[in-house]
Structure formats: structure tokens, C-alpha cells
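Residue-level structural notes
Below are the chains, spelled out letter by letter.
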2 protein chains.
Amino acid sequence: MLFNKISLGGADMKFPSIPDKTPFTPLVVMELAEDTNEEAVTWLTSRIKDTQQRDGDNFLSMAECQFIVKHELDTLRARGETHVPGYPKIRLYPGKSVVRRIQSKGILVQIFPLHDKEELKRLSSMWYQNVQLSFQPLDDIRHYFGESLALYFGFLEYFTLAMVPMALIGMPYYLFDWEDYDKYVLFAVFNLVWSTVFLETWKRFSASLAYSWGTLSRKKAFEEPRPGFHGVLGINPVTGRQEPVYSSTKRQLRIYLVSVPFVLLCLYLSLCVMMVYFSAEGLVLGLHDEEPTFWTSLLLYVPSIIYAVVIEIMNRIYRYAAEFLTDWENHRLESSYQNHLTLKVLVFNFLNCFASLFYIAFMMQDMQLLRQSLATLLITSQILNQFVEAFLPFWLQKRRNKRVHRRSGKVSPDQELPFDQQVMLEADMSTYLGTFDDYLELFLLFGYVSLFSCVYPLAALLAVLNNVTEVYSDALKMCRVFKRPFSEPGADIGVWQLAFESMSVIAVVTNCALIGMSPQMKSYFPDSETQLILVVATVEHVFLAFKFILAFVIPDVPRHIQIKLARVEFESMEALKKKVMYTVESVNTEPVDKVATRFTVCTQL
Amino acid sequence: MLFNKISLGGADMKFPSIPDKTPFTPLVVMELAEDTNEEAVTWLTSRIKDTQQRDGDNFLSMAECQFIVKHELDTLRARGETHVPGYPKIRLYPGKSVVRRIQSKGILVQIFPLHDKEELKRLSSMWYQNVQLSFQPLDDIRHYFGESLALYFGFLEYFTLAMVPMALIGMPYYLFDWEDYDKYVLFAVFNLVWSTVFLETWKRFSASLAYSWGTLSRKKAFEEPRPGFHGVLGINPVTGRQEPVYSSTKRQLRIYLVSVPFVLLCLYLSLCVMMVYFSAEGLVLGLHDEEPTFWTSLLLYVPSIIYAVVIEIMNRIYRYAAEFLTDWENHRLESSYQNHLTLKVLVFNFLNCFASLFYIAFMMQDMQLLRQSLATLLITSQILNQFVEAFLPFWLQKRRNKRVHRRSGKVSPDQELPFDQQVMLEADMSTYLGTFDDYLELFLLFGYVSLFSCVYPLAALLAVLNNVTEVYSDALKMCRVFKRPFSEPGADIGVWQLAFESMSVIAVVTNCALIGMSPQMKSYFPDSETQLILVVATVEHVFLAFKFILAFVIPDVPRHIQIKLARVEFESMEALKKKVMYTVESVNTEPVDKVATRFTVCTQL
């Protein structure tokens, strides 16, 4: 990573310069258990100090320094030690990550970077405190929280802006409630094209962001393995550095023979649960219709409540299983670990959220009900999320702060705390578990908007409202509620791009189907339903083809960036070439201008 | 190109060593008009001699040397000259390709590389002369004819092998003429999966070929512009070399505002022609049925003959138009020029060949007729192609050789000719116009096999037979019939990959539709045709999804090659890093181990 940073320095010679004061405030805190053996502490500190002897890279943002410290801790692997000094029971073997070990054994409680009060104040004032119409300060966010979080907020913003047109076009449908399906068709068509364009252009935008941050051409093959990655110590074939190695075929087998079947099984189960729910729903409805009493009317709510609870439980269990499996797949890179985990959880969540909607739309063919459930889902999820994930914890955190301040004799909460108190305060804050849930939220939102857009045009508007508040609540929670997260370098939003694209493909199918089922359409083909279906199918295929052509035609990286990248490559090739030239000189046998002699111009044939 | 060669030398340190004798036989011949002005000749020779002063690269195959000479001639651009010396009328302006100019003005008749008798004898004996069951000597072909031709033959071979299983599975259907559609379904399913896998694995295979030939990671941005490329002299933003520049936006406009509409128009026209043909067909048929006489039975053939002629004419005209347009689009790279041209011609040919089959299959729904026309198309095209493109010209060439030999007093044709005679002989040979037509042939063949595979399983077998002979006839024509072509470096089969993949996607749709229309299928859903269609549509979507997942899961480049490539990149990055390290050293402010001091371990919080 350090290495890449430098070589990318070659790409664009501007580095973010380091704030002067940071060298004197600690970046990262490592909380050990209270009764930790002294010997262990001294050993650990000395071992960590050793790792600091590496080639200099001092042009880093605070976030990057913290990332490096974290990285050095993660890649701190046991060498000679057979056990943790002072803890003969806790064995170590070569190549085993030390920090992981002592953390799992409860010696190490947690590691977390410290907030930087000044920086934070500056950032939050620019970001969310005074409501103004302006873009988020992505560069500052990146500087404080790292690339991957900045990319999340960038995507959130881009997504919101992209949905504004949909919302505007969608509004009149709601206001004058146009039930006219020709109009819906227009709206759907617009949506499909728009979502494709939006996703493609986002790729370009994120590429330019990543380039300006110097993370665009990070080479995965050069990355150090993730701490969880285990295997016999070997040599990385690319970098020639010593690190654990694990055969990729084994991994493939684990993925395709265990993980994939497991996921499919889970999907099947959740489908069964849904079917049970719907049958229960029908049963209760039947009961209520027979002799409607107060109790039966109460009973009406029971199935959906149970279903919601069951879904929640299933989600949690599945999440654990997925994490376990992905960990067991033993991916070398953090990124690929994340991608595989994301994909697993994603598929399951997708099914749980949309299966019922699909059932309502295509089995029951009840558009009114579909609209209702869409609206309820959108609004409730919106309110719940915002409240549960940001405002409630924010309020709790505020109270805790107050308490700490009172304990330390300070009255006003914005007074500077003594260092130790500050550390304690932040140590108690809850930990941010990564961007996954935030992306998932957006993903589902995108689903609600695009999948049934031609039935419920208002969705886009609600989504926009949601996102606008989302920006603020997320900013708030990042700055005030959670421990400062370790920054993660990232070049793109990874598997989420794929997820959103697949969603937009599915959207084509669903929208075509919905329009095909609409009474107006049916009325166009009164005599033969077959013909209608054929027409719809053709239209759908045309759309899909169009989508793929569009995605193929729009280049993923803006031209000016392609050129810049090509130049780096050219330069480095040149640099290498010089090296090679020397090495091959000895083999030179034939004078250069022989090529000239090997060429004749003959006039009169 | 030279540059890349060297820097790729870094990738794999083995260069193809140059045969000792070649330095003393001329590689390339440049035929000037007989009455060429002496002054011009001397000027030209001197100018060419100048270009030979470049950094040495002497580890090249003969083909590569010829390519370089050709390349140097092509990139020979006018500097000060206002006109060709001795021809005041023929103006030159800076950046204008000299060779192109004098060629268009008829001073330069042709440029062609010479065959190397020994090499050729060795190659042909290994390749086609004695029929043996073995793979083609791709490395030798590449060594003699260059990468792109070797890749063509590689693909031809791979394609043939890939179709053998289809052929084997298809045979029983023909032998025991199974009319049972369940079996057809099986066959179709196998075909779809198979074609996907075959295309994906080909990518991997070609990648390893290209890697072993050192062309895999040729950077387009480093390539010199193609001779036809014109524009004001400027600086290439990547390499910093002086060359003509042309705004890409202009090119985009030309493509999307002129070329694309033109192509669409042509497609529409050819569709109209087809409809006219079918109506004429029907008319004649009607006439014949009214009072069948000898004349009406003759009349039956008239429409198809006219149609064939018209198609042929349209093809030729369109081909010229396409070439003109693509030239006018003014692409910087030969490769992108080729891709755009190919794409244009491809689409048109596809329509002309398959539109009628589609009409028969889905409008007339006459499977018997479909089978007939498929068989006729396959067999006739096979025989015609082989004969017209290889054996006939081979025979003519043989006669010409005889004549030359007789003239030069030699009796037996395998005696060595004096050099000038040899040159004259080869100068008279016809020129090979590139792999386009050969690929097109394969592409159409693939279409016949895959699009209607479930109706005519024998197609695969015929295709295999065709390809086996094709290998020999193509080898023959390359070695004996044509002037030796200039070698083209190439990393893959370019736009043809895309073409074959799209074809296999279309094949999914057509096969599903065909099976859906089959009487057996209809009999499964006697009551509602709607249900049948829905089922078919679902199945089709599942297939398409499966195809894309498969293509996504199979990596395009084999792992061991990925690693090797990563290593080059790593090495060159390292090389660059060293350079950068110096440049940034001055900015160093903070001692390295500061990072260590910025880290605290605190026990009792």
C-alpha cells in the first residue's frame, strides 16, 4: 500500500500534505485488558516499534497514517514466538497474525483511531452543520475518513441528483393521478434509459475521483493479504515478498461446492417462508370475512408481524453464516473478502425485500396493494432508518458526553477534555461497521424506485427526500456517534456497481411485464393475449439490447484520465525499458542499421 | 511498436532469435512505376535511410522485421517538402504520409514483403503438405506470417475442435432422424452452454498465445497512428512524440451522426429487398400452381437467382461505402479502424445471410424449408468458398509459375529462380486482403450452426468438415497463392470476439423461440398458448442470465498469466518508483520513525 502510494505519486505529483500538529497527537489507540501481563505489553510495544523501520512516506493525510498504523498492526505476524510472552497458554505459530490472536483471546480489547477535534469541527461545519445548497466536501471527507467512505458519500450524492429528474417527472403522475398507461409507459422508458446512463456516468465520475485521490490504479496483486488470511508462509509470486499463500483452486472449490449451494438453499427457504406467510394471510382474511369480530380484525395484523420478525431473525442468522463462510473461503485480499460477503448478503436481502412485492405484482396482480405496500415500505424504512441509525444514537451519545464532562468537572460540552478523558470517551463510543448497511439501504431504495417505477412514480420523489436527509444523518453519525473508523483506500464502490447494474436489468423485465399486464395494454389486443405477450417480449428484448449497447458505448473512464494513466504506464515502461536495455545489450549481435541494408528499392521490374 | 517490443522484453526475457541468413536477403520490395523520375527515387531512398536511425532491436522474427520496415515506410511523413521532388504537381504538406501520397499518385505501384523459400518450405511441410493428425504449428505460422494471422488459424482450429462434440451429439439426430423435440431441447441446451464456454475459454487460450508472443499487453496509446490518419501535426499526450492529432469529439460526431444512420438505412433497404423477393417468390409459386408449364417451372428459379445477384451487388456497394465512411471517420489506430469497418460490414452481412432464414423460421414457420435452405446454404457456401478462394487461384498460380519458369529456361518448377525473376513472380501474385473475409466465413458458419441448432443438428457436422478442409485450403492459399502479406501484431481477434458472443446470445433467443413453436411443445399446453409463451420466455431469460453469469465467472486471462503480467507491472512500477523517490526526496520533512511515536499503547482506561 505504501509502495503503491509512492508509485502513484509518479502519476500525479501532488500529495495531500500532512497537518503539522498530527505528529504530536497519537493517531491510534490500542486498548488492552486491564490485567494484561506487563511482559506481554513490553514485548508487543517492542515488536510494533520494529515494524516502523520502512522506507519513508510522509505525504499522507491523517486518515492514511492511521490506515498505515492499522495495516502494520494487522500484518504483525508471529516469527519465532511459540506463545504470547506471559501467556504460555496462548500459542503462536509462524505467519499467524499476532493482533488477531490476542484480540480473539481478549487481551486486546479494541484498536481505534482518535478523532481530531479541530479537523472534525472544520469538516462538520463544511459538511452538515449549516444547511446550505452545495456539494459535499468530498476531498475533506476523504482526507478525514479515507477513500471508501468518501466514495460512499459521493455515490449517495450522485444517486440523489440522478433521481431528481425522475422525481420531477414522476410528480405530475401523482398530483393529477394519471391512471393512463401510455403515460406510465413513457415514464418507465425514461426510467430505464436514465438508470443505465446514471450508472455508467457514475463509473466515470468515481474513476476521476479515485484518480485525483491516487487510488485508481492500485494493483490488487501488490496489496498485502488481509489479517484473517492464513496459510503456510510462502513467497508472493508477484512482489516476491514473504507472506502466507493459499491455493486458489481450494478456494474455488470451497466457494462453488459449499458457499453457493448454501446460499441457494437459504434463498429457497426464505421463499418457502414467504409462501407460508401469504397462505396465513389468506387464511386470516377468510376467517375475518366469515364472522368479522374485534379479535379477527386484530388477528389480521398477526401474520405480517410474525413474518416481519421471522425475516429479521433469518437476516441476522444468515448474516452470521455468510460472514463465517466468507471467512472460511480464506480470501487473500480484504477487497475480495468484502465483495464475496456483500454478494452473499445482498442476494438474500434482495429476495427478502422484493419477493413479496413480486408475488403481489405478478401472482396476485393487485396494483393497488402493490402501491400501498411500496409506499409503506418506503416511508417506514425511511423514518425508521434515519431514527434508529442516526438520531437515537446521537441523542444517547450526547447524554454520555454530558456525563463524562460533568465527571471531569467541565460544564460546557464543547470545552476541550484532558487527553485520557477524551480517549475514554471515544473508547466508549460504538463502532462503525463499514459502509455495507448504508449501501444496502441505497440498493433497496433503488430497487423500490426502479423495479415498479411504472406503477408508483412517486417512489422517486420519496427516495430523493430520503437521500437528502440521509446525507445529513449519515454525516452526523460519522462525526458524532461512532468511533472514528479506520480509513480504507478504495478505487470504486466494488461489487455494488455490479449490484446496481443487475438491478437495473431486472427493472427492465419487471416494468415490461407490469405494463404488459395493464388493462389498457390488454384492451389494445382484445382478441389475442398471445400477441400482446409477444409484443411485450420483443419490446423488452429491444430494451435489454439497447441497455447493453449503451453500457458498451459509454467508456468507463473519462478520456483525459485514460490519457494520464497511459502516460504513467508509458513512463514506467520507459523506466523499465532502460533497465532491460542494459540487460540485453550483451546479446546484441547485429548493428542497428542492418535493417536498412535489408531493404531494396527496385524500379523497373 | 519497437518500443513495446523492448519493454515487453522485460515481461518475458526470451526473444525469438533472428535467422542468420535473413540480413542478407531483402525483406521488402517496393515497386515504383517504370518511368519514375530519378530525383524522386534518390530522395525517397535517402529519406527512408534516415528513418533507420533508431534504438536497436535485433531479436525479431523475419515477419517482425518486415512489419517494422512497412511501419517505417508508413510513418514516413513529409517535413519540409512542398512537393515530391521531380513531380512539382504532387504537393506534400507537413505530417502527410509520403508513401500513401506517391502510391495514390501511381508513382509507387506496390510494396510487398518477399517469401523466404526455405522458411516457406519448412512451414508448409509442417503445416498442410503431409496430412497428419496434429495441431497447426502456430508458433511457426506466427514467425512467418505474424500474430494476427496466427491468431486466425488458432481460432479456426479451436473453433473446429469446439464443434466436434456438437457434431458427435448431433449425428444420431440425423441418423435415426429423431423428430422428438425433447431431444432437440436437450441438444439446444447443450449447444447454448457449450458455445458460451467455448468462447470464454478461447479468450483464455488466445491470451496465453498472445502472452507467449509478447503482444498481450501492447498499449494502444503507445502505437503510432495509422498512415491514413490525418490531422494537424501535434504532440501525442501520452508518448510526447510529434504526430498528427485529431479531436475525438469530431470523430464521435462523424460516427454517430453519419455512419450509424447510414448503416441503419442500408439495413432497412436490404430488409425491403428481402420482402420484395419473398412476395415475388409467392407470386411465381401462384403462377406455377395455376397452370404448371415448363416455363413457369423455370420461372420458379428466377426470383432467387435475381435475389442472389442483387444481394451480391448490394454487398459490394455497401463494402465500398463502409470503407469510405470508416476512412472518413479518421481513426488514429489501425486496430480501431479495422474494428469499426468490421462492425459495419458485419451487421450488413449478418442481415443479408440470416434475414431470409429468420423469415422462413418465424414468419412462414416452415421447418422443412428452413432445414433445406440451411443445408443448401452450408454445402454450397462450403464448396464454393473452398474452390473459389483457394483451389482455383492455386491452379492459376501454378500455371503462371510454369510460364515464368519456362521463360527463364528452367524446366522443373521447384528449381531456384534468379532473384529478379523471383521478385517479378511474386509481384504478379495477387494480394491477400486481410483476415476479414476468413473470419466472416467462420462467423456465418457459427451462425448457421448455433442459431437454428435445434432444428438442424447436422449443421455442426457439416461445419466441422468445412473447417477441416478450410484449414488446408487457407494454408495453401497463404503459402502458394498470395503475395506474402505484411505481418500484423495482434493480441486478440478484436471485434470478432464480440461478434461471436453476440451471435451466441441471439442463438439463445432463436432456439427458445423455435422450440416454443414446435408442435410437441404446443401439445404440452393444449388449452392456453399464452402459458406456453410465458414458460418459454422465462426459460429464455434464465438461459440469458446463466450465460452472463458464466461469462462473468470465467476469468478472461488464465491465472498464471495474470500473475506474470502483474509482475511486469510491479517491476516497472518499482523502476519508476526509484525515479520518483529521487524527485520527492527534497520534499522529505519528517523523519521516518515519527509514525512510531504517533502511536500509543494505553492499558488501564
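None of these values were measured; they are calculated from a predicted model.

1. Considering the overall build of chain A
If you tally the helices and strands in chain A, you get 21 helices and 7 strands. Counting over 605 residues, chain A shows a buried share of 52%. Sequence-distant contacts, at least 24 apart, represent 75% of the contacts inside chain A between residues at least 6 apart. Here chain A has roughly 28,000 Å² of accessible surface; of this, 66% comes from carbon and sulfur atoms.

2. Focus: helix H5 (residues 117-129) of chain B
Residues and elements named next belong to chain B. In a regular helix each residue adds 1.5 Å, so 13 residues correspond to 18 Å; H5 covers only 15 Å between its end C-alpha atoms and thus falls short of that length. Along H5, the sharpest change in direction is near 25° and occurs at Leu123. Buried within H5 we find Glu119, Leu120, Leu123, Ser124, Trp127 and Tyr128. Contacts made by the buried residues of H5 are with helix H6 (138-145), helix H7 (147-175) and helix H16 (458-481).

3. Quick notes on the packing of helix H12 (residues 334-364) of chain A against helix H13 (residues 367-407) of chain A
All names here are of chain A. One can describe the packing of H12 onto H13 by two numbers: an axis separation of 9 Å at closest approach and a directional angle of 170°. Between H12 and H13, the angle is such that the two are roughly antiparallel. On H13, the residues touching Leu357, Ile360, Ala361 and Met364 of H12 are Met367, Leu369, Leu370, Ser373, Leu374 and Leu377. Residues belonging to the contact of H12 with H13 are distributed by class as follows: 9 nonpolar, 1 polar and no charged.

4. What to know about the pattern of salt bridges
Pairing between side chains of opposite charge can happen when their charged atoms approach one another. All names here are of chain A. Using the criterion set out here, one finds 26 salt bridges over all chains in the structure. Between Asp327 and Arg100 there is a salt bridge, with the nearest N and O atoms lying 3.8 Å from each other. Taken together, the residues Asp327 in helix H11 (residues 301-329) and Arg100 in helix H4 (residues 98-104) connect sequence positions 227 residues apart. We classify Asp327 as partly exposed; its relative accessible area is 27%. Taken together, the salt bridges that share partners define one network made up of Glu200, Lys203, Glu501 and Asp556.

5. Some points on a positive patch on the surface
All names here are of chain A. Taken together, the side chains of Lys117, Lys121, Lys398, Arg399, Lys402, Arg403, Arg406, Arg407 and Arg480 define a basic patch exposed on the protein surface. For the positive patch, the secondary-structure elements that each account for two or more residues are helix H5 (117-129) and H13. Among the structural elements, Lys402 can be located in helix H13.

6. Description of the packing of aromatic side chains
Tallying each qualifying case throughout the model produces 73 aromatic pairs over all chains. Its end group placed over the ring of Tyr144 of chain A, Arg484 of chain A keeps NZ or CZ at 3.7 Å from the ring centre. In this structure, Lys483 of chain B packs its charged tip against the face of Phe112 of chain B, placed 5.9 Å from the ring centre.

7. Comments concerning the side chain of Lys547 of chain B
Residues and elements named next belong to chain B. Position of Lys547 among the secondary structure elements: in helix H19 (residues 529-553). Although buried, Lys547 forms no salt bridge, and the nearest oppositely charged side chain, Glu200, lies 7.7 Å from it. Polar side-chain contacts of Lys547 include one of 2.8 Å to the side chain of Thr196. Not counting chain neighbours up to four residues away, the residues in contact with Lys547 comprise Ser195, Thr196, Ser504, Val505 and Val508.

8. Remarks on the packing of helix H11 (residues 302-329) of chain B against helix H12 (residues 334-364) of chain B
Residue and element names in this part refer to chain B. Two elements in contact, H11 and H12, have axes whose closest approach is 9 Å; the angle formed by their N-to-C orientations is 160°. Relative to H12, the element H11 lies roughly antiparallel. Note on packing geometry: the crossing formed by H11 with H12 is right-handed. Facing Tyr307, Ile311, Met314, Asn315, Tyr318, Arg319, Ala322, Glu323, Leu325, Thr326, Asp327 and Glu329 of H11, the residues of H12 in contact are Tyr337, His340, Leu341, Lys344, Val345, Phe348, Asn349 and Asn352. Its residues assigned to classes, the contact of H11 with H12 shows 10 nonpolar, 5 polar and 5 charged.

9. Notes on the UniProt feature "transmembrane region" (unreviewed entry) in chain A
All names here are of chain A. Within the UniProt annotation, "transmembrane region" (unreviewed entry) is assigned to residues 149-175, 181-199, 255-280, 292-310, 341-362, 374-396, 442-465 and 532-554. Secondary structure across residues 149-175 comprises 100% helix and 0% strand; the distance between its end C-alpha atoms is 37 Å. For residues 341-362, the helix share is 100%, the strand share is 0%, and the end-to-end C-alpha distance is 30 Å.

10. Some points on the side chain of Glu470 of chain A
All names here are of chain A. In this structure, Glu470 sits in helix H16 (residues 458-481). Buried charge without a salt bridge: Glu470, with Lys477 as the nearest opposite-charge side chain at an N-O distance of 5.3 Å. Setting aside chain neighbours within four positions, we find Glu470 in contact with Tyr152, Leu156, Gln386, Glu389, Glu441 and Ala475.

11. Here we look at the pairing of strand S3 (residues 87-91) of chain A
Residues and elements named next belong to chain A. With 2 bridges joining them, strand S2 (residues 83-84) and S3 adopt antiparallel strand pairing. Each residue of the ladder has a partner; that of His83, found in S3, is Arg91. What sits between S2 and S3 in their antiparallel hairpin is a turn of 2 residues, with Gly86 showing a positive phi close to 90°.

12. Notes on the environment of Arg142 of chain A
Residue and element names in this part refer to chain A. Checked against the element boundaries, Arg142 lands in helix H6 (residues 138-145). A relative accessible area of 7% means that Arg142 is categorised as buried. Spatially, the C-alpha atoms of Arg142 and Leu264 are 38 Å apart, while their sequence positions differ by 122 residues.

13. Things to note about the environment of Leu123 of chain A
All names here are of chain A. Note that Leu123 resides in helix H5. Linking Leu123 and Val164, residues 41 residues apart in sequence, is a C-alpha distance of 26 Å. The contacts of Leu123, once residues within four sequence positions are left out, are Pro137, Asp140, Ile141, Tyr144 and Phe145.

14. A look at unusual backbone geometry
Residues and elements named next belong to chain B. One non-glycine residue with positive phi stands out, namely Asn330, at about 60°. Its place among the elements puts Asn330 in the loop between H11 and H12. Assessed through its relative accessible area of 0%, Asn330 is described here as buried. For Gln365, which is not glycine, the phi torsion reads 50° and is therefore positive. With respect to the secondary-structure elements, Gln365 resides in the loop between H12 and helix H13 (367-407).

Parameters and conventions
- Residues numbered from 1 in each chain as written.
- Chains lettered and ligands numbered in written order.
- Predicted model: local features only at pLDDT ≥ 70, side-chain atom pairs only at ≥ 80, totals over all residues.
- Heavy atoms only, no water.
- Helix = DSSP H or I, 4+ residues; strand = E, 2+ residues; numbered from the N terminus.
- Buried < 20%, exposed > 50% of the residue type's maximum accessible area, 1.4 Å probe, protein only.
- Contact = heavy atoms within 4.5 Å.
- Areas by Shrake-Rupley, 256 points an atom, 1.4 Å probe, with all protein chains shown as cover.
- Expected span 1.5 Å × (residues − 1).
- Bend = angle between axes of the 7 residues up to and from the residue.
- Axes fitted to C-alpha atoms, helices over the stretch in contact; angles between N-to-C directions.
- Parallel < 35°, antiparallel > 145°, perpendicular 65-115°, else oblique.
- Nonpolar A, V, L, I, M, F, W, Y, C, P; charged D, E, K, R; others polar.
- Salt bridge = Lys/Arg side-chain N within 4 Å of Asp/Glu carboxyl O.
- Patch = residues over 30% accessible without salt bridge, like charges linked within 9 Å, V, L, I, M, F, W, Y side chains within 5 Å.
- Lys, Arg positive; Asp, Glu negative; His and termini not counted.
- Charge placed at Lys NZ, Arg CZ, Asp CG, Glu CD.
- Phe/Tyr/Trp six-rings, centres within 6.5 Å; stacked < 30°, edge-to-face > 60°.
- Lys NZ or Arg CZ within 6 Å of the ring centre and 35° of its normal.
- Polar contact = N/O pair within 3.5 Å; in protein donor to acceptor, adjacent residues only side chain to side chain.
- Left-handed = near helix turned anticlockwise from the far one by under 90°.
- UniProt positions renumbered as here; feature names shortened; annotations may be inferred.
- Pairing = 2+ DSSP bridges.

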